[in-house]
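Structural features, examined
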Amino acid sequence: MANIIWHQTTITKADREKQSGQKGVAIWFTGLSGSGKSTLANRLEAALFAAGHRTYLLDGDNIRSGLNRDLGFSEDDRKENIRRIGEVAKLFVDSNSIVLTAFISPFRSDRLSARKRFEPGEFIEVYVKCALNVCESRDPKGLYKKARSGAIPFFTGIDSPYEAPESPELTIDSEHQTLEESTEQILLYLKEKEIIH
Ligand SMILES: Nc1ncnc2c1ncn2[C@@H]1O[C@H](COP(=O)(O)OS(=O)(=O)O)[C@@H](OP(=O)(O)O)[C@H]1O
Ligand SMILES: Nc1ncnc2c1ncn2[C@@H]1O[C@H](COP(=O)(O)OP(=O)(O)O)[C@@H](O)[C@H]1O
């Protein structure tokens, strides 16, 4: 961008890591509405927090009522939604947090653009896999019912596409795994990658 020059801060990401003993990463949940992103992200954050880690959870509905309150659900708005979340997540990672994001993030190209803003290993894509009919039967917010009645146009999985990840770092099968099993699966991955100890 013209006349904008990146300012290198005195305290670096490496300094922060050394002080805290944890690595900053983004755990990027993606999946249909009702697949379990929020439930799992909250459960995982609680486990990480209890173990003394610095964490933060960015959740769809909360961000959409503040930072992204100007955005709706058109393709362009979803793209901008995910772009901003990616930038915010990057700031949290720079600050040495484990940031968890729980957004449908339906488009592969947008998730890839977000990934590219991070260093290798910092962006952990977690696909919360769950069949549409199961998400629809859970319908925790009653939104599928509304979407089927025509009250919510462009609802993901019904009349707006969801592009499943092709090579996510982790796939969680929320139809067949319990919440505890899914949480353990992610914690194990974080330990294997030496993000937490
Ligand atoms: N048209 C349409 N399609 C999908 N979802 C809708 C829609 N309208 C409202 N909602 C509610 O908004 C939540 C999804 O917001 P996100 O920011 O995660 O969506 S996206 O990533 O920009 O696609 C989603 O929350 P989750 O159920 O937690 O996924 C819904 O509660
Ligand atoms: N194994 C599971 N993992 C996660 N959620 C589950 C599971 N089984 C049932 N659920 C339920 O499914 C719903 C998922 O809703 P939510 O977490 O809001 O999904 P999302 O954030 O993807 O829209 C919750 O009511 C949750 O209790």
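Residues numbered from 1 in each chain as written. Chains lettered and ligands numbered in written order. Predicted model: local features only at pLDDT ≥ 70, side-chain atom pairs only at ≥ 80, totals over all residues. Heavy atoms only, no water.

Right, let's get into the UniProt feature "domain: APS kinase" (unreviewed entry) in the protein chain. Under the feature "domain: APS kinase" (unreviewed entry), the UniProt entry names residues 23-173. For residues 23-173, the end-to-end C-alpha separation is 26 Å, with 40% helix and 18% strand making up the annotated structure. (UniProt positions renumbered as here; feature names shortened; annotations may be inferred. Helix = DSSP H or I, 4+ residues; strand = E, 2+ residues; numbered from the N terminus.)

Our next topic: the site of ligand 1. Surrounding ligand 1, one finds 20 residues, the nearest of these being Ser 33, Arg 64, Asn 81, Ser 105 and Phe 154. Within the backbone of Ile 104, one N or O atom sits 2.9 Å away from an oxygen atom of ligand 1. In this structure, Thr 156 approaches ligand 1 through a main-chain N or O atom, which is 3.4 Å from a nitrogen atom. Protein burial of ligand 1: of its 630 Å² of free accessible surface, 92% is covered by the chains. The cavity that encloses ligand 1 is the largest pocket. Only helix H3 (60-64) and helix H4 (75-94) provide two or more residues apiece to the shell around ligand 1. The element best represented in the shell around ligand 1 is H4, accounting for three residues. Residues of the shell around ligand 1, tallied by class, amount to 10 nonpolar, five polar and five charged. (Near = heavy atom within 4 Å. Polar contact = N/O pair within 3.5 Å; in protein donor to acceptor, adjacent residues only side chain to side chain. Areas by Shrake-Rupley, 256 points an atom, 1.4 Å probe, with all protein chains shown as cover. 1 Å grid on protein atoms, 1.4 Å probe; cavity = no way out; pocket = protein on both sides within 12 Å on 5 of 7 lines; lining within 4 Å. Sits in = over half its atoms within 2 Å of the grid points. Nonpolar A, V, L, I, M, F, W, Y, C, P; charged D, E, K, R; others polar.)

Below, the discussion takes up the pattern of salt bridges. Enumeration over the complete set of coordinates arrives at 15 salt bridges. The salt bridge involving Lys 79 is made with Asp 110; its shortest N-O contact spans 3.3 Å. With a gap of 31 residues between them, Lys 79 in helix H4 and Asp 110 in helix H5 (residues 108-116) connect regions that are remote in the sequence. With its nearest N and O atoms 2.9 Å apart, the salt bridge here joins Glu 125 to Arg 115. With Glu 125 in strand S4 (residues 123-129) and Arg 115 in helix H5, the pair connects residues that are 10 residues apart, well separated along the chain. Glu 125 sits in the buried class, given a relative accessible area of 7%. If you follow the salt bridges from partner to partner, you end up with Lys 13, Asp 94, Glu 119 and Glu 122 in one network. (Salt bridge = Lys/Arg side-chain N within 4 Å of Asp/Glu carboxyl O. Buried < 20%, exposed > 50% of the residue type's maximum accessible area, 1.4 Å probe, protein only.)

Bringing the layout of surface pockets into the picture now. Looking at the largest pocket, its volume works out to about 730 Å³. Taken together, 37 residues make up the lining of the largest pocket; nearest its centre are Ser 33, Gly 34, Lys 37, Ile 104 and Lys 141. When residues of the lining of the largest pocket are traced back to their parent elements, those giving at least two are helix H2 (37-50), H3, H4 and helix H8 (179-192). Looking at which element gives the most residues to the lining of the largest pocket, the answer is H2, with four residues. Looking at the lining of the largest pocket residue by residue, the classes come out as 16 nonpolar, 14 polar and seven charged. Trp 6, His 7, Gln 8, Thr 9, Ile 11, Thr 12, Lys 13, Arg 16, Lys 90, Leu 91 and Asp 94 together form the lining of the second largest pocket. By residue number, the principal contributor to the lining of the second largest pocket is H4, which donates three residues. In terms of residue class, the lining of the second largest pocket is built from three nonpolar, four polar and four charged. (Points joined across faces, edges and corners; volume = space filled by probe spheres on them.)

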